[in-house]
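Breakdown of the fold
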Amino acid sequence: MTRQHIEAAPVTVDGRDLSTSDVFGVVNPATGEVFAHAPSVGADQLDHVFGTSLRAFESWKDDETARRAVLHAAADRLESAADELAPVLTAEQGKPLPEARDEITRSAMWLRYYADLEVPREIIRDDAEAYQEVVRRPLGVVTAITPWNFPVLLALWKIAPALRAGNTVVVKPSPYTPLSLLAVGRVLREALPPGVLNVISGPEPLGAAAVAHPIPRKVSFTGSTVVGREVGIAAAADFKRVTLELGGNDPAIVLGDVDIDRIAPTLFWSAFVNNGQMCLAAKRVYAHHSIHAGLVEAMAALAKSVVVEDGMVPGAQLGPLNNLPQYERVKDLVRDAVRHGARVAAGGAPLDREGYFHQPTVLSEVTDGIRVVDEEQFGPVMPIIAFGDEADAVQRANNSAYGLTASVWSADPERAYALAATMDSGQVSVNVHGGAVMPTLPFGGRKNSGIGVENGLWGLHSFSDPQAVAGPPRKRS
Ligand code: NAD
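Description of the structure in this document. (Residues numbered from 1 in each chain as written. Predicted model: local features only at pLDDT ≥ 70, side-chain atom pairs only at ≥ 80, totals over all residues. Heavy atoms only, no water.)

1. Examining helix α2 (residues 64-80)
The end-to-end C-alpha separation of α2 is 24 Å, in line with the 24 Å expected for 17 residues at 1.5 Å each. The complete set of buried residues in α2 reads Arg67, Arg68, Val70, Leu71, Ala74, Ala75 and Leu78. Along the long axis of α2, the arc covered by the buried residues comes to 165 degrees, so they all point the same way. Of the residues in α2, the exposed ones pointing more than 90 degrees away from the buried face are Thr65 and Ser80. Contacts made by the buried residues of α2 are with α1 (46-60), α3 (82-93), α4 (97-116), α5 (153-164) and α6 (179-188). Taking the backbone nitrogen of Thr65 as reference, a side-chain oxygen 3.2 Å away marks Asp63 as the first, capping residue of α2. (Helix = DSSP H or I, 4+ residues; strand = E, 2+ residues; numbered from the N terminus. Expected span 1.5 Å × (residues − 1). Buried < 20%, exposed > 50% of the residue type's maximum accessible area, 1.4 Å probe, protein only. Arc of directions from axis to C-beta. Contact = heavy atoms within 4.5 Å. Polar contact = N/O pair within 3.5 Å; in protein donor to acceptor, adjacent residues only side chain to side chain.)

2. So, empty space enclosed by the protein
In the structure shown here, the tally under the stated rule is 3 cavities of 30 Å³ or more. Of the volumes computed, that of the largest cavity is approximately 60 Å³. Looking at the largest cavity, the residues that line it are Thr12, Asp14, Gly15, Gly185, Leu188, Arg189, Leu192, Pro193, Pro194, Gly195 and Leu197. Here the lining of the largest cavity is composed, by residue class, of 5 nonpolar, 4 polar and 2 charged. Lining the second largest cavity are 15 residues; nearest its centre among them are Pro251, Ala397, Tyr402, Gly403 and Asp424. Contributions of two or more residues to the lining of the second largest cavity are made by α13 (390-398), β17 (402-403) and β18 (405-409). (1 Å grid on protein atoms, 1.4 Å probe; cavity = no way out; pocket = protein on both sides within 12 Å on 5 of 7 lines; lining within 4 Å. Points joined across faces, edges and corners; volume = space filled by probe spheres on them. Nonpolar A, V, L, I, M, F, W, Y, C, P; charged D, E, K, R; others polar.)

3. Points about the side chain of Lys240
Relative to the assigned elements, Lys240 resides in the loop between α8 (225-236) and β11 (241-245). For Lys240, the side chain forms a polar contact with the main-chain oxygen of Val211, separated by 2.8 Å. Ignoring any residue separated from it by four or fewer positions in sequence, one finds Lys240 in contact with Val211, Ala212, His213, Pro216, Arg217, Lys218, Val219 and Ala235.

4. Let's talk about the site of the ligand
Every one of the 30 residues lining the ligand counts as a neighbour, but Thr146, Trp148, Ser224, Leu246 and Glu376 are closest to it. Ser224 places a polar side-chain atom, nitrogen or oxygen, 2.6 Å from an oxygen atom of the ligand. With respect to the ligand, the backbone of Leu246 contributes an N or O atom lying 2.7 Å from a nitrogen atom. For the ligand, whose free accessible area comes to 850 Å², the fraction covered by protein is 88%. Most atoms of the ligand, that is more than half of them, are within 2 Å of grid points of the largest pocket. (Near = heavy atom within 4 Å. Areas by Shrake-Rupley, 256 points an atom, 1.4 Å probe, with all protein chains shown as cover. Sits in = over half its atoms within 2 Å of the grid points.)

Have a look at this one:
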């Protein structure tokens, strides 16, 4: 299946195909070969794209009840297309087919959550003398820019709240994974009014041009810290609002009282799911020295048991890494760690086959100060670092330019919650990593992990400006 050439879905603008004069190749990471050509939108087409979105905003912003109904219809349509979309996602991203399908259905969940969310009115004063209310006004057109690790889900994290709040959206996926979102754009034409959601694709400088364009009033960006900084600086030129969801190097602190067998699978998959290509994966494990050896052994046993295969092959648990630069980076970080004295407890090398496959790798005898611990590796690698003193572990975990998520693991949850309160991160979870990632809870990073949050009422409000309304008392009906 993945060796076949796939016909890319067209760009969706104004509810219709937008033709482009150029295309670019998309590689299947399981083979390393170009298997599709995606449309490449030219910077000279952006006036049309954003102009369409602005016209659609004029009516879309007015009727919240209608928007909620449309989001439900979009969720239904997306979910019913899951079987058609999942193989496209696997072919371009690499993840196993059941996970690709799960990504689609989880995306529909975000649409439903924002369709159903009851937003309380914020009346500050309403008495015989005065009326004061804070009303959330949509911003206008939103530019959404997304990465290649969860190409559909992370786009819907933006699209669902932006549309519910009354904005229209121009979304640009990563050039490594444009096909699934282009296909989503075509599917959602059946549910959304024309111009409300526009899906464009193309290599850089398309993203930079979509940030700099004068029409959008907000940029919602998920990606690397380096590009996020450029986006933030560019958006500041005309005071566009920004949400920047950036990199992470998330620590998991495992205390000495844990039952290793009990936590092992959960901890393992929190680092290795999607090949570790997840901003909130557990990327550094700090294990108390009393359980360090046992934990290394348990993680290594799991790593050795994982089926690494083309994501289209039934039973595959991990597919290839998504792209060549990422594959080279992971190999490089593992080699560097070994040069600095790391012991390879499992994996440690790429697979000897075509495509970007790497063995799930567990490293011990590692410590802070080597690249695989200090940098965001974004790959199937778990460095396990021994600690003696909890305060020291917290200090080392927090000693990072990033601050996305963190976790603390203990047989005594209250002890873990006490340590969790000291973590310098946007989210922290106990006895699970990434346990707070759900539509209802704010997700965002501290420090170089970003600005602003997505999800929940907090994410919704990031797609509006508060407008204070004040005056004499209102008539009561
Ligand atoms: P990236 O920063 O290279 O690219 C992200 C997107 O930005 C892509 O669509 C890309 O085409 C576009 N882009 C590139 N240059 C641009 C520019 N100058 N202006 C505007 N857009 C531009 O990131 P990536 O390699 O696709 O994704 C991996 C990174 O994303 C990792 O660092 C990961 O931690 C991060 N990430 C963060 C979150 C989060 O929610 N915090 C979630 C997933 C991934």
